Amino acid sequence: MKANELQINNFLQAPNVQFVIPVYQRNYDWTNTECKELLNDIISVETEDRGTHFIGSIVFVHEGTYSTSEVKELVIIDGQQRLTTINILYVALYRFAKENGNAQDAERLYNMFLTNQYVKNESSKLKLKQTDTNSLAFKAIMLGTDSESSAFSNVTENYNYFRGAITDDTFELILRGLNRLIFVEISLERDKDDPQRIFESLNSTGLDLSQSDLIRNFILMDLPPKDQNRIFETIWNPIEENAKDLVKQSSLVSDYIRDYLTLRNKKIPNKNKVYAEFKSLYANKKDEAYHQELENIKSLSIHYKKFVNPTTVADGSIKKELEYINRLEINVAYPFLLQVFEDTENGLLAKDELIKVLKLIQSYAWRRFIVGLPTSSLNKIFMTLYSEVDTEEYYDSIAKALIKKKGSAKFPSNEDLKTALKDKDLYNTQPKNRNYLFEMLENYNNREYVNTSNEQITIEHIFPRNPNENWNTDLPSEEYFVFKEKHLNTIGNLTLSGNNGALGNKSFLAKKEMNIDGNEQGYQFSRLWLNSFLKSIDTWNVTKYEERLNIIYDRFLKIWEFPDVEITESDESEEQNIFDAESPTHKKLEYFIFENTKVEEDTVAQMYFYVIRNLYEKNSQLLLSNQDVFKITRNASDFRASQEVINGWYIESNIDSNSKFAILKKLLALFEMEDELLIKYLSSTDSETEPNRFGIRKKYWQQILPLLNHTNLFENVSPSKDHWLSTGAGIGGLAYTLIITKSHIRIELGISTSSKEKNKAYFKKLMKSKEAIEQAFGNPLEWEELADNKMSRVKFELQDVNLFNDNHWERMNQFFLDYLPKFESAIRPFIKNLK
């Protein structure tokens, strides 16, 4: 690495040099604000005769992308915004000179600063080589054709700003000011320096680049030129296009990667640590698994596009539910939904079941809103929810998992709702929630959709906010007071009307019968469902209010259903806040969640030490200065059984689980983190009512895996609670899978790369060798292309065996022992040919 201080002019006018902005760089995003500041600096350094003005550094790599024999290419890895802006300013100076008859200055500016005058290759002519739309816009301002394009570009906008600032009085002044600009030139050699590490150091504050910018650079920067362009076009560009809000035209890539990492790691990264989390996972970017991961990120981004832009979804039923989820901003569910939609595409979930899952999420979130439960716990709930999915009972397993939530995570019951609806102010709430409520209530089971967001339809208070004197005589004083103070803004007193202004604060009967000039303003003429009950009554009092509230409540339960699934004692214990949990005596953990991170740990002691270490790292002074709450010292002999937790600090470890719980609760309260520790106990599998399917599956895998010693396929695979176990087949996206159910078991080769087209191509290529594969295996196989799904598979099944009947286990074991080695041996040579 070499660093020199230079005048920017000397750098720009070097002959036969091209400054290349690589594809991984972020878009040119300087606006008029930054350009105005730069131009002011250029003018003031000259007018104030300050000698020089420092504009920062420009970092480039020698012998970089797009090498040619005609020009020396410098790949810019930092400083592209400044460099591009100064080039735009030179274009504006050149155009001013040319348009004002100053041919000599125009020619000098054009040939010295903007082009390589004598090169033959047209692509090497411009000194600044940009990408895509920036390149088109830059060429347009050079040629003077920028007015012919209506496409927005910061290049064009900033050129117009500079062009407007250049006059006969400022032309020479700006040129002289440019001569005073200096910068630090940092030159890197491709095979000797580490561009990525230097780039990170230069951007260590994280202020200049978004998390997605840093991730893009990490993926692309150190690739060979050919691979760089291929990965940009086939992987990164599709991700950017999918993770974009099409209405606001804003990038959501950082949000998407955060959701992807949450799904993958069961840990929610801090918003400004997404890049660090991403980078930590992929130390070896040459590994096949890394490239498969990139393909998977691209594949799931297709689903993310549906979530953030529901209008792009072709299926009307799915689009409608996603629009509701989007409107309610239940984006904490996106990590969970990414895998749900991927399962749907792979044929594990039917469309009608997917819609049930989407409705379930709405019901869970909306009921919680009505009851007034906090939204802060939802991100942790959806972070781990997919681990509860049983693909044999997809919807039911999700519904059971949500119903079992307790405390601040609970799924509000029908009784909870009934109580809340009596008192909930649903008028003075966010418009998105209010509009959603009335749209759903009005249109449930309606043959003709009513657009409740029509500006002519507004919310009407039956008992008015400012009632006229008739209400005093129509209602007893105590009921008048109850409406005024308690029921006014509740759903029982709210309806929709296209004549709210006309109805105003009139008496109920006047509102019902109003028909001024034959315009049928009254409730009795309304076709809206919300007014149907009002047509049938002549007075509005507390009794009628309660009748209408019950009608709405009944409709509410049909729209936002409580899941109709049965919870038995044998179902797994629920995930719950430590403050709500039962005593940990004689219990083991399945996992715990602390501060958005899921930790697989079965002992309370290890959770205890983990949380204390993290609290120390969060605020050591707070932890150490509250010895009355919690004793921690540097002297190990202060304790009967000391345990070092961090940095030479010791605590007592010889205390029972209940005492550990009590201390943790005190510490969490001290740190104001009462909602940050969730636990899940490991459930018993000894229920006499019904076998625990998760426990039975894990027990089966525990006994079969050691027996599979005549093949090394599953030697690094651990027992699972799922009804399947998979291991790689030698190519990313292909896996051997063992499947156990209550009706059959099977061995299969799953073909499920991120590309449906690649999956079908692999399948068809294997299919051409069907006869040879089956001959080697010794039995016919089932070949399922699954044309409507992303995945394809080849499988061999054994019917009439039941996992939950342990008398069948010996037969099941023998099937796997006999046929798994043959299956792998028959298919393996043909998989190698797919590469």
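See the structure shown above.
Residues numbered from 1 in each chain as written. Predicted model: local features only at pLDDT ≥ 70, side-chain atom pairs only at ≥ 80, totals over all residues. Heavy atoms only, no water.

Trainee: Got a sec to walk through the overall build of the protein chain? Specific residues and values, please.
Mentor: The number of helices and strands found in the protein chain is 33 helices and 21 strands. Its C-alpha atoms put the protein chain at 90 × 90 × 75 Å along the principal axes. For the protein chain, the proportion of its 835 residues judged to be buried stands at 53%. Put simply, of all contacts in the protein chain between residues at least 6 apart along the chain, 68% involve residues at least 24 apart. As presented, the protein chain carries roughly 38,900 Å² of accessible surface, and 45% of it is formed by carbon and sulfur atoms. One finds the centroid of the 103 positive side-chain charges in the protein chain at a distance of 2 Å from the centroid of its 123 negative side-chain charges. (Helix = DSSP H or I, 4+ residues; strand = E, 2+ residues; numbered from the N terminus. Buried < 20%, exposed > 50% of the residue type's maximum accessible area, 1.4 Å probe, protein only. Contact = heavy atoms within 4.5 Å. Areas by Shrake-Rupley, 256 points an atom, 1.4 Å probe, with all protein chains shown as cover. Lys, Arg positive; Asp, Glu negative; His and termini not counted. Charge placed at Lys NZ, Arg CZ, Asp CG, Glu CD.)

Trainee: Describe the sheet that holds strand S21 (residues 792–799), naming the residues involved and giving the relevant values.
Mentor: Whether parallel or antiparallel, the strands of a sheet pair through hydrogen bonds between backbone atoms. What the five strands build is an open sheet, ordered S17-S18-S19-S21-S20; its pairing is antiparallel. Here the strands that pair on one side only, and so sit at the sheet edges, are strand S17 (724–728) and strand S20 (782–784). Neighbour-to-neighbour, the strand axes of the sheet open up by a mean angle of 20°, direction not taken into account. Pairing of strand S18 (residues 734–740) with strand S19 (residues 744–751), which is carried by seven bridges, proceeds in the antiparallel orientation. Of the residues in S19, the one forming a bridge with isoleucine 740 is isoleucine 745. (Pairing = 2+ DSSP bridges. Axes fitted to C-alpha atoms, helices over the stretch in contact; angles between N-to-C directions.)

Trainee: So what's going on with the pattern of salt bridges? Residues and values would help.
Mentor: Side-chain pairs of opposite charge can arise whenever the charged atoms involved come near each other. On inspection of all chains with the given rule, the structure shows 42 salt bridges. Across the pair lysine 351 and aspartate 315 runs a salt bridge, and its minimum N-O distance is 2.8 Å. Within this pair, whereas lysine 351 is found in helix H16 (residues 351–371), its partner aspartate 315 is found in the loop between helix H13 (288–308) and helix H14 (316–327), the two being separated by 36 residues in sequence. A relative accessible area of 40% means that lysine 351 is categorised as partly exposed. Across the pair glutamate 824 and arginine 828 runs a salt bridge whose closest N-O atoms are separated by 3.2 Å. Taken as a pair, glutamate 824 and arginine 828 lie in helix H33 (residues 809–832) at a separation of four residues, close to a single helical turn. One network of salt bridges, with partners in common, ties together Arg746, Glu748, Glu784, Arg793, Lys795 and Glu797. (Salt bridge = Lys/Arg side-chain N within 4 Å of Asp/Glu carboxyl O.)

Trainee: Let's hear about the nonpolar core: which residues, and what values?
Mentor: Among the nonpolar cores identified, the biggest contains 121 residues, and Ile219, Tyr256, Phe278, Phe336, Leu337 and Trp540 are the most heavily contacted of them. For this core, the element with the highest residue contribution is H16, accounting for ten residues. In this view, tryptophan 540 contacts Ile462, Phe463, Trp471, Leu475, Phe483, Gly492, Asn493, Phe508, Phe533, Leu534, Tyr545 and Arg548; residues no more than four positions away in its chain are not counted. The next biggest cluster of nonpolar side chains, apart from the first, holds 48 residues, and it includes Phe11, Leu74, Tyr94 and Leu181. (Core = buried A, V, L, I, M, F, W, Y, C linked by side-chain atoms within 4.5 Å.)

Trainee: Could you give me a rundown of the side chain of asparagine 789, with the residues and numbers involved?
Mentor: Its place among the elements puts asparagine 789 in the loop between S20 and S21. On the basis of relative accessibility, which here comes to 18%, the residue asparagine 789 falls in the buried class. Apart from the residues lying within four places of it in its own chain, the contact partners of asparagine 789 are Thr344, Glu345, Asn346, Gly347, Lys756 and Lys760.

Trainee: Talk me through unusual backbone geometry; I want residue IDs and the actual numbers.
Mentor: One non-glycine residue, asparagine 16, adopts positive backbone phi at about 50°. Tracing the sequence through the fold places asparagine 16 in the loop between helix H1 (8–12) and strand S2 (17–20). By relative accessible area, which is 35% here, asparagine 16 ends up partly exposed. Its identity is not glycine, yet lysine 266 carries a phi of approximately 55°, on the positive side. Residue placement: lysine 266 occurs in the loop between helix H11 (253–265) and helix H12 (274–281).

Trainee: Break down helix H7 (residues 171–179) for me, citing the residues and quoting the values.
Mentor: Considered for burial, the residues of H7 that qualify are Phe171, Leu173, Ile174, Leu175, Gly177 and Leu178. On its buried side, H7 packs onto H1, helix H2 (32–47), helix H3 (80–99), helix H4 (103–114) and strand S6 (181–188).

Trainee: An account of the sheet that holds strand S16 (residues 677–681) is needed here, citing residue identities and associated values.
Mentor: Spatially, S11-S16-S12-S13 is the arrangement adopted by the four strands of the open sheet, whose pairing is antiparallel. Where the open sheet ends on each side, the last strands, each with one partner, are strand S11 (575–577) and strand S13 (597–599). On average, adjacent strands in this sheet sit at an angle of 25° to one another, irrespective of strand direction. Contacts from helix H27 (residues 604–618) reach strand S12 (589–594), S13 and S16, with the element oriented near 10° to S12.

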